[in-house]
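Chain residues, written in single-letter form:
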Amino acid sequence: MIPTASQEKFLANPKNNDRLISILMKKLSSVNMTCKKADEDADCLIVNSVLALSPTHPSVDVTLHQLELIMVVQTLKNNPDLLKVIEIFKNPDMTSVDAGNRFLVALYGYPIPTSDTPSLNNVLYKFYMKSSFNKSSNMSLLPTTEEAAHQHSLRVYHQIQHWFGNKKRPEDWGWVRTNSGLQPVKTLKTPAPDSILRKISCKCKKGCTGNCNCRKARLFCSVLYLHCWDNCNNR
């Protein structure tokens, strides 16, 4: 069978994603491989599964993303003070996740002020200005925004507390519940100020497909767009 859609577009549909997981689980189960589907936190399911196997298995191997692990370890090695900072994630009554912001700034190689909370947005701006002088730049390599990092830190805290057995409501810690299960809240802010977003407009007349400027900018078409609104499929 020749695929008619890209992998990213195919998996962006939650129903396709669920069906693919079901097919894979059925296939792996047919060769006597135990499969579990994570309805919420996959990392937590992995850890709990390892702990459940440990009494009856002398050793349990867990495969990690080595590059990510090396970067985290190196960051902590270069910034030993961060070890005390991230201890706050173990606190069951934590109300602030600024520690996550400090860690990400250090992860990108910038010094961390001892008193003030470092600005991840400033790091993002510096990376952007530096990359703008390159002939080709990959925007996906830029640091995340402070708001997106905040949501990520909330999920990290929720995950750690889950490991410690402290059940907390996921929706209060960077997750949103959908028909397909829990999905991460990426950010609560718009991609850009409204004054800029209003200037982004497409001129599609036969439906907003892959060539739509709004789709390319990962934005939904606005009711202000008179060109495409009657037959728009990007709302």
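Residues numbered from 1 in each chain as written. Predicted model: local features only at pLDDT ≥ 70, side-chain atom pairs only at ≥ 80, totals over all residues. Heavy atoms only, no water.

Enquirer: When you look at the overall build of the protein chain in this model, what are you seeing that I'm missing?
Expert: Helix and strand counts for the protein chain stand at 10 helices and two strands. Secondary structure elements of the protein chain occur, N-terminal to C-terminal, as α-α-α-α-α-α-α-α-β-β-α-α. Buried positions account for 25% of the 235 residues belonging to the protein chain. Restricting to contacts in the protein chain with at least 6 residues of sequence separation, those with at least 24 account for 40%. If you sum the accessible surface of the protein chain, you get close to 17,700 Å²; carbon and sulfur atoms cover 57% of it. (Helix = DSSP H or I, 4+ residues; strand = E, 2+ residues; numbered from the N terminus. Buried < 20%, exposed > 50% of the residue type's maximum accessible area, 1.4 Å probe, protein only. Contact = heavy atoms within 4.5 Å. Areas by Shrake-Rupley, 256 points an atom, 1.4 Å probe, with all protein chains shown as cover.)

Enquirer: Whenever I open this one, the nonpolar core confuses me. Can you help?
Expert: Where a protein is soluble and globular, its nonpolar side chains tend to be buried together. Membership of the largest hydrophobic core is limited to eight residues, which are F89, M94, V97, A99, L154, Y157, I160 and W173. If near-sequence neighbours (up to four positions away) are discounted, W173 is found in contact with M94, L154, R155, Y157, H158 and K168. Counting seven residues, the second largest nonpolar core, distinct from the first, contains C212, C214, C221 and C232. (Core = buried A, V, L, I, M, F, W, Y, C linked by side-chain atoms within 4.5 Å.)

Enquirer: How should helix α6 (residues 98-107) be read in this particular structure?
Expert: Note that an α-helix has 3.6 residues per turn; residues three or four places apart therefore point the same way. α6 sits mainly inside the fold: eight of its 10 residues count as buried. What α6 keeps buried is the set A99, G100, N101, R102, F103, L104, V105 and A106. Positive backbone phi, at 85°, marks G109, one or two positions downstream of α6.

Enquirer: Can you help me understand the packing of aromatic side chains in this one?
Expert: For any two aromatic rings, the description comes down to two numbers: the centre-to-centre distance and the angle of the planes. Counted according to the given criterion, the structure contains two aromatic pairs. Ring centres of Y108 and F127 lie 5.5 Å apart, and the angle between their planes is 80°; on these two criteria the pair is classed as edge-to-face. Placement of Y108 in the loop between α6 and α7 (120-131) and of F127 in helix α7 is noted, with a sequence separation of 19 residues between them. Overall, F127 belongs to the partly exposed group, its relative accessible area being 26%. (Phe/Tyr/Trp six-rings, centres within 6.5 Å; stacked < 30°, edge-to-face > 60°.)

Enquirer: Would you mind showing me how to read the side chain of T75 here?
Expert: By the secondary structure assignment, T75 is in helix α4 (residues 66-78). For T75, a relative accessible area of 5% corresponds to the buried category. Setting aside anything within four residues of it in sequence, one finds T75 in contact with L82, F103, A106 and L107.

Enquirer: I keep staring at unusual backbone geometry and nothing clicks. Help me out?
Expert: Most peptide bonds are trans, and most residues other than glycine sit at a negative phi. The backbone of N32 sits at a positive phi, close to 65°, despite the residue not being glycine. Tracing the backbone through its elements, the reader meets N32 in the loop between α2 (14-29) and α3 (42-53).

Enquirer: What is the right way to look at a nonpolar patch on the surface in this model?
Expert: Among the surface-exposed residues, F10, L11, L20, L24, L28, V31 and M33 lie close enough to one another that they form a single nonpolar patch of about 560 Å² accessible area. At the level of elements, α1 (7-11) and α2 are the ones that each hand at least two residues to the nonpolar patch. Top contributing element to the nonpolar patch by residue count: α2, with three residues. By the secondary structure assignment, L28 is in helix α2. With relative accessibility at 35%, the residue L28 sits in the partly exposed group. (Patch = residues over 30% accessible without salt bridge, like charges linked within 9 Å, V, L, I, M, F, W, Y side chains within 5 Å. Salt bridge = Lys/Arg side-chain N within 4 Å of Asp/Glu carboxyl O.)

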